[in-house]
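Listed below, chain by chain, are the residues.
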Amino acid sequence: MSQTIHFYAGLHRSGGTVLASILSQNPYVYVTSNTALRDVLVSANKAWSEAPTVISHPMPEQLANMNKAIVESMWKHRKEPIIIDRNRDWAHNISESSKWFGKDIKVIASIRDIPGIMASWATLYKNDHPHCSQSVIDRFLFHMWSDHTKPYVDSFIKMKREAGDRVLFFSYDDIVSKPWDHFTQIEDFLDLPRFRYDLENIQGEFQDSNIIPGGFKDLHKIRPKYEKVSVPPEQALGPKLYKKFSDLDEKFKSELYHGNY
């Protein structure tokens, strides 16, 4: 059975795990946990291009065959005809990714306002370190911004430049407030069969391991009901950091939606 593979890339703390669990309720669709498909393709292409025999006598057909075999075998054990491979690194170089698949690929990408992302990090940190000082929390947030959030914010802008309308962006807040509008939009964009999702009884088939060094026990906890329960960013961050991250968010949205590069 041939499978259609699409891709999901989401900013940190933008609802990726719960969205994957919801879309996977559709019996024709499997949304993966964060997977190694892209990492395997990167490594295999690097190994092929650096092999002495390839350098002396390159045969591009080999590379195309190898990539096709990797892609077709990765999810062969799944019965679903539609796979949505989930890895936020797809955003880093979508042009290169399209070459691996031999076609233009489609990506759905969840985003969230930067103050909301950073407030979520702050809440997780406070829950795990209830007696820490505000200066410690501030240092942690600057680290999370520079090392984990900003690189993907930049890569999403790059993905928009490269892929244009082959990427469907949707915001965390919008999909929480109007879920059915956005599920229909995703289904139309990826040609998924219609399905009536149960938003009152969300069951995660998987719980991603925590790959953030020194991370948190509830980083990927899924609630059974789809709703927003986060602390307001102004409260979690304080006025100074809220203003800083709001300014960064305004710049990000301008570049992403209006092409003001």
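**Comments concerning the nonpolar core**
Thinking step 1. Within the largest apolar cluster, 48 residues are counted, with the highest numbers of intra-cluster contacts made by Phe-101, Met-118, Leu-141, Phe-156, Met-159 and Phe-252.
Thinking step 2. Excluding residues within four positions of it along the chain, Phe-101 makes contact with Phe-7, Leu-37, Leu-41, Val-71 and Trp-90.

**A short note on the sheet that holds strand E5 (residues 167-171)**
Thinking step 1. Strand order in the open sheet made by the five strands is E2-E3-E1-E4-E5, with parallel pairing throughout. Each of the sheet's edge strands pairs with one partner strand only, and the pair in question is strand E2 (29-34) and E5. Between one strand axis and the next, the sheet turns through 20° on average, direction left out of account.
Thinking step 2. Both strand E4 (residues 107-111) and E5 contribute to a ladder of five bridges, which runs parallel. Within the sheet, the bridge partner assigned to Ser-110 lies in E5 and is Phe-170.
Thinking step 3. Here helix H9 (residues 179-190) sits on the sheet and contacts strand E1 (4-10), strand E3 (82-86), E4 and E5; the angle it forms with E5, its principal contact strand, is near 170°.

**Section: helix H7 (residues 134-163)**
Thinking step 1. Taking 1.5 Å of rise per residue, 30 residues should cover 44 Å, and H7 covers 41 Å from first to last C-alpha, within 8% of that figure.
Thinking step 2. Largest kink in H7: about 45°, centred on Thr-149, with the proline Pro-151 one to four residues after it.
Thinking step 3. Following H7 by one or two positions, Gly-164 has its phi on the positive side, about 55°.

Reading the values: rules and limits
Residues numbered from 1 in each chain as written. Predicted model: local features only at pLDDT ≥ 70, side-chain atom pairs only at ≥ 80, totals over all residues. Heavy atoms only, no water. Core = buried A, V, L, I, M, F, W, Y, C linked by side-chain atoms within 4.5 Å. Buried < 20%, exposed > 50% of the residue type's maximum accessible area, 1.4 Å probe, protein only. Contact = heavy atoms within 4.5 Å. Pairing = 2+ DSSP bridges. Helix = DSSP H or I, 4+ residues; strand = E, 2+ residues; numbered from the N terminus. Axes fitted to C-alpha atoms, helices over the stretch in contact; angles between N-to-C directions. Expected span 1.5 Å × (residues − 1). Bend = angle between axes of the 7 residues up to and from the residue.

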